[in-house]
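# Observations on the three-dimensional arrangement
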Amino acid sequence: MRLKLNCLLVLLCALLLAAGLASADELILPAGVTVIEEYAFQGDTSITTVVLPEGLTEIGDYAFADCTSLSAIAIPDSVTYIGEHAFDGTNCRPLVFANTPACEAAIAAQLPLEINFLDPEDETLWQISMALTYHYNAYTLDNVYINPEASPVTDIYVPDGVESIGARAFECNSAITGIALPESVIAIGERAFDGDESLVNLGLPSSMVWIHEDAFAGTECVPMAYAGTQTADVAIAAKIPLEIDFLDPEDETRWQIGMYLSFHHDQYCLDHVVI
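Here the residue numbering is sequential within each chain, running from 1 through the sequence in written order. Whole-chain, interface and lining totals are the exception, using all residues; otherwise, since this is a predicted model, local features are given only for residues with pLDDT of at least 70 and side-chain atom pairs are given and counted only at 80 or more. The basis for the side-chain values is all heavy atoms of the structure; hydrogens and waters are excluded.

### Thoughts on the environment of Pro 30
Going along the chain from the N terminus, every DSSP run of H or I of four or more residues is numbered as a helix, and every run of E of two or more is numbered as a strand. Here Pro 30 is to be found in the loop between strand 1 (26-28) and strand 2 (35-36). Classification of residues uses two cut-offs on accessible area relative to the type maximum, computed with a 1.4 Å probe and protein chains only: under 20% is buried, over 50% is exposed, and between them is partly exposed. Looking at Pro 30, the relative accessible area reads 28%, which means it is partly exposed. Spatially, the C-alpha atoms of Pro 30 and Glu 54 are 9.3 Å apart, while their sequence positions differ by 24 residues.

Structure (structure tokens):
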């Protein structure tokens with residue numbers, strides 16, 4: 001059955017080419033295709049771009065594996081399952097929109113991704129683009145780009161599941177004032193926020209294991225950590241200026257004391273205490 005379906009897909013592509021509906025390097029699947037079977041296009045090195053129809057629900061294992069020229073493919077929102085090896089051996093970072101079944105399916109399949117966030121004021125535009133890679137059993141946020149044609153962005157929310165912020169990931173996004181990191185983040189790379197001149201609000205997750213000593217170089221940001229957490233210890237070891245908040249023991253949804261620390265001349269100074 002699988003062989004028959006694969007042959008039908010190959011025949012379909014040949015017909016599209018003959019009809020002038022696709023070029024030799026662009027694969028356009030017609031409306032009505034709901035499943036791409038496993039191994040369907042494996043090893044086709046001529047394909048550079050794939051256009052998938054809305055209504056597609058499944059992309060099988062190894063469907064585009066070893067398509068070494070493939071560089072661009074957008075996954076329709078309707079996709080609910082993607083095989084873990086669907087894009088093995090390609091240089092492709094599939095595009096999905098945030099908060100869609102396709103995004104959840106791609107993350108479950110552990111694919112390198114480009115996640116675009118729609119502009120809430122104009123949903124014909126994307127507003128924020130995040131490039132993620134998956135290696136060593138974890139997602140890394142490599143780059144964040146803000147579309148200058150969309151509504152202005154000042155606050156960014158990193159999706160849950162991202163475990164590390166790569167070197168210079170937020171570089172030169174000078175309009176950003178706040179970044180919300182999920183609890184899944186455990187590491188922040190060198191100069192991750194370099195050039196984010198307006199950044200003032202960034203809370204660190206409580207269980208971080210590594211922060212590069214230059215993670216906040218090029219910013220005026222003083223990140224916040226909670227006292228008594230692993231993150232506070234890691235940040236202090238990295239000699240990062242900090243705001244350390246102490247939780248109210250009677251109401252742990254509130255902070256009770258805030259301490260501002262700066263680091264210079266190889267030592268910490270307690271600059272300010274707020275109760």
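What follows continues from the structure just given.
### Let's talk about the pattern of salt bridges
For this analysis, a salt bridge means a side-chain nitrogen from Lys or Arg found within 4 Å of a carboxyl oxygen belonging to Asp or Glu. Overall, the coordinates contain four salt bridges when judged by the stated rule. Note that Arg 93 and Asp 142 form a salt bridge whose closest N and O atoms lie 3.5 Å from each other. In this pair, Arg 93 is assigned in the loop between strand 6 (81-82) and strand 7 (95-97) and Asp 142 in strand 10 (residues 138-146), connecting sequence segments 49 residues apart. For Arg 93, a relative accessible area of 30% gives the class partly exposed. The shortest N-O distance in the salt bridge between Arg 168 and Asp 194 comes to 3.0 Å.

### Examining the state of the cysteines
Disulfide: a covalent bond formed between the sulfur atoms of two cysteine residues. A pair of sulfur atoms, both from cysteines and within 2.5 Å, is called a disulfide here. Here the structure, examined in full by the defined rule, presents zero disulfides. Left unpaired, Cys 221 is separated from the closest cysteine sulfur, that of Cys 172, by 16 Å. There is no disulfide at Cys 269, and the cysteine sulfur nearest it, in Cys 221, is 19 Å away. Residue Cys 269 is classed as partly exposed on the basis of its relative accessible area of 22%.

### Considering helix 3 (residues 230-237)
Among the residues of helix 3, those classed as buried are Thr 231, Ala 232, Val 234 and Ala 235. Taken end-on, helix 3 shows its buried residues confined to a sector of 165°, consistent with a single buried face. Turned more than 90 degrees from where helix 3 packs its buried face, Asp 233 and Ala 237 sit exposed. Working rule for contacts: check all heavy atoms of both residues, and any pair within 4.5 Å makes them a contact. Looking at the buried positions of helix 3, the neighbouring elements they touch are strand 16 (210-211), strand 17 (224-226), strand 18 (242-248) and strand 20 (267-274). Lys 239 sits one or two residues past helix 3 and shows a positive phi near 60°. What the arc measures is the spread of directions leading from the helix axis to the C-beta atoms.

### So, helix 2 (residues 101-108)
Residues Ala 102, Cys 103, Ala 105 and Ala 106 constitute the buried set of helix 2. End-on view of helix 2: buried residues confined to an arc of 165°, all on one side of the axis. Among the exposed residues of helix 2, those pointing more than 90 degrees away from its buried face are Glu 104 and Ala 108. Looking one or two residues beyond helix 2, the residue adopting positive phi is Gln 110, at roughly 60°.

### A closer look at the sheet that holds strand 2
Between any two strands, pairing holds if DSSP finds at least two bridges. Strands sit in the order 2-4-6 across an open sheet of three strands; the sheet is parallel. Among the strands making up the open sheet, the edge pair consists of strand 2 and strand 6. Note that strand 4 (residues 58-59) and strand 6 share two bridges and pair parallel. Its bridge partner being in strand 6, Ile 59 is matched across the sheet by Ile 82.

### Topic: unusual backbone geometry
Even without being a glycine, Asn 99 presents a positive backbone phi close to 65°. For Asn 99, the location among the structural elements is in the loop between strand 7 and helix 2.

### Side note on a nonpolar patch on the surface
Side chains of Leu 270, Val 273 and Ile 275 sit close together on the surface and give an oily, nonpolar patch of about 330 Å² of accessible area. Summarising the element assignment, Val 273 is placed in strand 20. Residue Val 273 is classed as partly exposed on the basis of its relative accessible area of 39%. Each patch is built from salt-bridge-free residues with over 30% relative accessible area, joining like charges within 9 Å and nonpolar side chains (Val, Leu, Ile, Met, Phe, Trp, Tyr) within 5 Å. Surface exposure here means Shrake-Rupley accessible area, sampled with a 1.4 Å probe, where a residue is shielded only by the protein chains that are shown.

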